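# Structural characterization, general
As a plain string of letters, each chain reads:
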Amino acid sequence: MGILNVTPDSFFDGGTPISPLERAAQMIKEGADIIDIGGESTRPTAAPVSLEEEEKRVLPVLQEIRAEYPKILISVDTYKTRLAAKAAALGADILNDTSGLADAEMARIAAARNKKLVIMHTRGTPQTMNKLAVYNNILEEMKNFFEEKIKIALAAGVRRENIILDVGFGFAKTKEQNLFLLENLQYFKTFNLPLLIGLSRKRFLAQTENDTPADRLPATLEASKKAAEYADILRVHDVAATINYLSSISASDSAAG
């Protein structure tokens, strides 16, 4: 899944100098199977944008990509149900709900249009989530969260095979908690549902106090190697680099075997 941020304030690639369609074309050429369009930054402390602004950013890009690439899978990264409904009508295949199904209407939209639904674990909002990273048993509490949200989705009519889980790296989690989850992803395979992993260039991968997202590609690739053992979908900024790195690891393993 290639990340297509159509925002001026994304933590890594906001305000990219090339057009969204050109960026999507680049990622598709590099091997992306899914393009994930996001019109509102969800980094910690990010300011929310209005529905109208997010629609203005996302929907024309969605239409352009769908027209140019009718067979590519398109995901829309949003928690706003009105935007999700319009995106589904315009051909989005996946509703990537960054609120963790805070509004059950998102599930009803996915069910009505027979779309894939990503349920991401989080707490609070980008403005409050850093204060909510307190758990007695993070694995057990996340399991309970997903069980509840899956029930809501199924009750709304979403087919079980259309549900995708995302553990929400960086959302209401400390660096230590993120690293712990990376080592315990197999725990979430007990749901027998596809697992989406998004850890690309995130803060918890920082190697020094002063590093920036631009410095985190090596750490991202190494973390992706770990995640790939259990992930069904890797959500990344660097499509070619990720594919090449994982392919080289696989080739090395095959040669060693």
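All figures in this text were calculated on a predicted structure; none of them were measured in a lab.

Calculation criteria
- Residues numbered from 1 in each chain as written.
- Predicted model: local features only at pLDDT ≥ 70, side-chain atom pairs only at ≥ 80, totals over all residues.
- Heavy atoms only, no water.
- Salt bridge = Lys/Arg side-chain N within 4 Å of Asp/Glu carboxyl O.
- Helix = DSSP H or I, 4+ residues; strand = E, 2+ residues; numbered from the N terminus.
- Buried < 20%, exposed > 50% of the residue type's maximum accessible area, 1.4 Å probe, protein only.
- Core = buried A, V, L, I, M, F, W, Y, C linked by side-chain atoms within 4.5 Å.
- Contact = heavy atoms within 4.5 Å.
- Pairing = 2+ DSSP bridges.
- Right-handed = clockwise from strand over helix to strand, strands pointing away.
- Phe/Tyr/Trp six-rings, centres within 6.5 Å; stacked < 30°, edge-to-face > 60°.
- Expected span 1.5 Å × (residues − 1).
- Arc of directions from axis to C-beta.
- Polar contact = N/O pair within 3.5 Å; in protein donor to acceptor, adjacent residues only side chain to side chain.

For the structure shown, the criterion picks out 16 salt bridges. Glu 105 is the partner of Arg 108 in a salt bridge, and the nearest nitrogen-oxygen pair spans 2.9 Å. Taken together, the residues span about one helical turn, with Arg 108 and Glu 105 both in helix α4 (residues 105-113) at a distance of 3 residues. Of the residues examined, Glu 105 reaches a relative accessible area of 30% and is grouped as partly exposed. The partner of Arg 201 in a salt bridge is Asp 238, with the nearest N and O atoms 2.9 Å apart.

A word on the nonpolar core. Ile 35, Ile 37, Leu 117 and Ile 197 are the most contacted members of the largest nonpolar core, which totals 64 residues. Looking at which element gives the most residues to this core, the answer is helix α5 (residues 138-155), with 7 residues. Setting aside anything within four residues of it in sequence, one finds Ile 35 in contact with Gly 2, Leu 4, Ala 24, Met 27, Ile 28, Ile 65, Ile 72, Leu 73, Ile 74 and Ser 75. Core analysis: the next-biggest nonpolar cluster, separate from the first, contains 7 residues, Ile 34, Ile 94, Val 118 and Ile 233 among them.

Consecutive residues of a regular strand have side chains that alternate between opposite faces of the sheet. Taking every second residue as pointing to the same face, both faces of strand β4 (residues 94-97) are buried, with Ile 94 and Asn 96 on one and Leu 95 and Asp 97 on the other. As paired elements, strand β3 (residues 73-77) and β4 share 3 bridges and run parallel to each other. Each bridged residue has a counterpart across the sheet, and for Asp 77 the counterpart in β4 is Asn 96. Remark: the β3/helix α3 (residues 81-89)/β4 crossover connection has right-handed handedness. As paired strands, β4 and strand β5 (residues 116-120) are joined by 4 bridges and run parallel to one another. Bridge pairing links Leu 95 to Leu 117 in β5. As a crossover connection, the stretch from β4 through α4 into β5 is right-handed.

Our next topic: the packing of aromatic side chains. As enumerated under the stated definition, the model contains 5 aromatic pairs in all. For the pair Phe 145 and Phe 146, a centre-to-centre distance of 5.5 Å together with 75 degrees between the ring planes defines the contact as edge-to-face. In this structure, Phe 145 and Phe 146 share a single accessibility class: buried. A ring pair is formed by Phe 146 and Phe 191, whose centres lie 6.0 Å apart and whose planes are at 75 degrees; its orientation type is edge-to-face.

Since the α-helix advances by 3.6 residues per turn, residues separated by three or four positions end up pointing in the same direction. Taking 1.5 Å of rise per residue, the 18 residues of α5 would be expected to cover 26 Å, and the 26 Å separating its terminal C-alpha atoms lies within 8% of that figure. Within α5, the full set of buried residues consists of Ile 138, Leu 139, Met 142, Phe 145, Phe 146, Lys 149, Ile 150 and Ala 153. Looking straight down α5, one finds its buried side chains confined to an arc of 130 degrees; they lie on one side. Along α5, the residues that are exposed and aim more than 90 degrees away from the buried face are Lys 151 and Ala 155. On its buried face, α5 is in contact with α4, β5, β6 (163-166) and α6 (175-183). The backbone nitrogen of Leu 139 has a side-chain oxygen 3.3 Å away, supplied by the residue at the start of α5, namely Asn 137. Gly 157 occupies a position one or two residues after α5 and carries a positive phi of about 105 degrees.

Moving on, we get to unusual backbone geometry. Outside of glycine, negative phi angles account for most residues, and trans bonds account for most peptide bonds. With a phi close to 55 degrees, Asn 114 is a non-glycine residue in the positive phi region. Structurally, Asn 114 can be placed in the loop between α4 and β5. Exposure remark for Asn 114: the relative accessible area of 44% places this residue in the partly exposed category. In the Ramachandran plot, Ala 172 falls in the positive-phi region, its phi being about 55 degrees despite a non-glycine side chain. Tracing the sequence through the fold places Ala 172 in the loop between β6 and α6.

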